[in-house]
Each structure stands twice: as structure tokens, then as C-alpha cells.
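Survey of secondary and tertiary structure
Residues per chain are reported as follows:
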Amino acid sequence: MQTGGIGAAADWEWVIRNARGKKFVYDSEAEAFEELHEYGEGAEVLTRLVYRGMFRTKPVHDWEPVAPPVA
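In short, a report on the structure. This is a predicted model, so every value here is computed, not measured.

**Examining the overall build of the chain**
- Assigned secondary structure in the chain consists of one helix and six strands.
- Mapped in sequence order, the helices and strands of the chain form the string β-β-β-α-β-β-β.
- A buried classification covers 30% of the 71 residues belonging to the chain.
- Counting contacts in the chain only where the partners sit at least 6 residues apart, residues at least 24 apart contribute 44% of the total.
- Surface summary for the chain: the accessible area is close to 5,300 Å², and the carbon and sulfur share equals 52%.

Here you go:
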């Protein structure tokens, strides 16, 4: 993690968004791609950079799709 100021740290968030738009949170990109097939056609992995402080999480940018890893 990198620091983003006093008491804040930069971190990445990972989610799978299914075809209906519901999001499911994962701890890492690898974990999200391992589970992606379970959400069916139209599901995708998304990520965003956030700064986490003691009482608040602030996104740096909106969710962005992640290309699947090359096998």
C-alpha cells in the first residue's frame, strides 16, 4: 500500500458485476477471476483505486473493467 496523506492509504478494490448489475466484492484480482465463471455470461471484473482513512473510503476514480489475464 502507498500512503495517500495523513492517516490514509491507497488500495485497490475488486468486484465482479453480474449481468443484472449486482456487485460482489473480492480481495484480489486473482480471486475475482477465479470466481468469474460462476456469475454467468455478461459478468465482468471491475477495479478502482481508493484511499482508506480511519472512518472513510474515498474512490480516486470510478469502476473500470479489467481484461482477463492471458493464459
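**A few points about the side chain of Glu13**
- By the secondary structure assignment, Glu13 is in strand S2 (residues 9-17).
- A relative accessible area of 16% means that Glu13 is categorised as buried.
- For Glu13, the side chain forms a polar contact with the side chain of Arg52, separated by 3.2 Å.
- Residues in contact with Glu13, not counting those within four places in the same chain, are Leu46, Thr47, Arg48, Val50, Arg52, Thr57 and Trp63.

Criteria and cut-off values
Residues numbered from 1 in each chain as written. Predicted model: local features only at pLDDT ≥ 70, side-chain atom pairs only at ≥ 80, totals over all residues. Heavy atoms only, no water. Helix = DSSP H or I, 4+ residues; strand = E, 2+ residues; numbered from the N terminus. Buried < 20%, exposed > 50% of the residue type's maximum accessible area, 1.4 Å probe, protein only. Contact = heavy atoms within 4.5 Å. Areas by Shrake-Rupley, 256 points an atom, 1.4 Å probe, with all protein chains shown as cover. Polar contact = N/O pair within 3.5 Å; in protein donor to acceptor, adjacent residues only side chain to side chain.

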